[in-house]
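# Observations on the model geometry
Here is how the chains run, residue by residue.
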Amino acid sequence: RKEVEQDPGPFNVPEGATVAFNCTYSNSASQSFFWYRQDCRKEPKLLMSVYSSGNEDGRFTAQLNRASQYISLLIRDSKLSDSATYLCVVNTPSGTYKYIFGTGTRLKVLA
Amino acid sequence: NAGVMQNPRHLVRRRGQEARLRCSPMKGHSHVYWYRQLPEEGLKFMVYLQKENIIDESGMPKERFSAEFPKEGPSILRIQQVVRGDSAAYFCASSPGRTLSDTQYFGPGTRLTVL
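Structural notes, computed from the coordinates. (Residues numbered from 1 in each chain as written. Chains lettered and ligands numbered in written order. Predicted model: local features only at pLDDT ≥ 70, side-chain atom pairs only at ≥ 80, totals over all residues. Heavy atoms only, no water.)

## Focus: the overall build of chain A
What chain A contains, in helices and strands, is zero helices and eleven strands. Its helices and strands in sequence order give chain A the pattern β-β-β-β-β-β-β-β-β-β-β, from N to C terminus. The C-alpha radius of gyration computed for chain A amounts to 13 Å, which stays within 12% of the reference 13 Å derived for 111 residues, consistent with globular compactness. Seen along its three principal axes, the alpha-carbon backbone of chain A occupies a region of about 45 × 30 × 25 Å. In chain A, buried positions account for 49% of the 111 residues. For chain A, the proportion of contacts with a sequence separation of at least 24, taken over those separated by at least 6, is 56%. As displayed, chain A has an accessible area near 5,400 Å², and 47% of this comes from carbon and sulfur atoms. (Helix = DSSP H or I, 4+ residues; strand = E, 2+ residues; numbered from the N terminus. Rg over C-alpha atoms; globule rule 2.2 N^0.38 Å. Buried < 20%, exposed > 50% of the residue type's maximum accessible area, 1.4 Å probe, protein only. Contact = heavy atoms within 4.5 Å. Areas by Shrake-Rupley, 256 points an atom, 1.4 Å probe, with all protein chains shown as cover.)

## Quick word on the side chain of A:Ser49
Looking at where A:Ser49 falls in the secondary structure, it is placed in strand E5 (residues 45-50). Not counting residues up to four positions away in its chain, the partners in contact with A:Ser49 are A:Phe33, A:Phe34, A:Asn55, A:Ala62 and B:Thr103.

## Digging into the nonpolar core
One finds A:Phe21, A:Trp35, A:Ile71, A:Leu73, A:Ile75, A:Tyr86 and A:Leu107 to be the most contacted residues of the largest nonpolar core, which totals 24 residues. Contributions of two or more residues to this core are made by strand E3 (19-25), strand E4 (32-38), E5, strand E7 (60-65), strand E8 (70-75), strand E9 (84-91) and strand E11 (105-110) of chain A. Of all hydrophobic cores here, the second largest spans 23 residues; its members include B:Leu11, B:Met26, B:Phe65 and B:Phe69. (Core = buried A, V, L, I, M, F, W, Y, C linked by side-chain atoms within 4.5 Å.)

## Thoughts on the layout of surface pockets
Quantified by volume, the largest pocket comes out at close to 720 Å³. In terms of lining residues, the largest pocket is bounded by 30 residues, among which A:Arg41, B:Gln37, B:Pro39, B:Glu40 and B:Glu41 are the most central. Counting only elements with at least two residues in the lining of the largest pocket, the list comes to E9 and E11 of chain A together with strand E9 (88-95) and strand E11 (110-114) of chain B. Looking at the lining of the largest pocket, its residues break down into twelve nonpolar, eleven polar and seven charged. Surrounding the second largest pocket, 13 residues form its lining, A:Glu3, A:Ile100, A:Phe101, B:Leu43 and B:Lys44 being those nearest its centre. Only strand E10 (99-101) of chain A together with strand E5 (43-50) of chain B provide two or more residues apiece to the lining of the second largest pocket. Of the residues in the lining of the second largest pocket, the class split is six nonpolar, three polar and four charged. (1 Å grid on protein atoms, 1.4 Å probe; cavity = no way out; pocket = protein on both sides within 12 Å on 5 of 7 lines; lining within 4 Å. Points joined across faces, edges and corners; volume = space filled by probe spheres on them. Nonpolar A, V, L, I, M, F, W, Y, C, P; charged D, E, K, R; others polar.)

## Here's the deal with the state of the cysteines
Following the criterion strictly, the structure yields two disulfides over all chains and no others. A disulfide bridge connects A:Cys23 with A:Cys88, and the sulfur atoms are separated by 2.0 Å. An S-S torsion of about -75° defines the bridge between A:Cys23 and A:Cys88 as left-handed. Of this pair, A:Cys23 sits in strand E3 while A:Cys88 is found in strand E9, placing the two residues 65 residues apart along the sequence. Using a relative accessible area of 0% as the deciding quantity, one classes A:Cys23 as buried. Overall, the relative accessible area of 0% leaves A:Cys88 in the buried class. The disulfide partner of B:Cys23 is B:Cys92, and the gap between their sulfur atoms is 1.7 Å. (Disulfide = S-S within 2.5 Å.)

This is the structure we're talking about:
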């Protein structure tokens, strides 16, 4: 089983749609969780950290369910510029700070 | 405040040559991480360094790969005797390293092509 699993997609949605991505992680001792965005052939950029209480940043909402070991990202009112690959990232619990990446979920927002 | 810098951005090597990839962390960051992204795959951790110390190299291939982060100057990822399978994007990230939840900021990457 992969340490971090994501549906690779692609998700093709029309502009204005709401889309949700899920991610599961295998190590129950993981402590920090993030969503990064990666545009084609570019570096990952932090979208948001994910907290147990859930957090929202404009059209983006992230949730963490520790009991079920999954993380979600909700994008409301999709824009063309949201087209990218969304990477679920888990920080290891071993204290070495390294990131474990999911393979990413590809989103394409259509006009 | 300049972000993480990597050079070169593109590097072409023939099989058997050496590749040297450089990474300068963000100002004030003392922790550097190297990740590799093979075509159509996710990023994989390679090595985590602090100044003059390798903290975790569990993701580094056992042979041909080495990394350093000297007291002065950038971090360097060195690949000796490159093979075609080394062709990938190599990303460097840095963080302040104060806590486990510190965000890592990524550089633009070096795309290595081995002919």
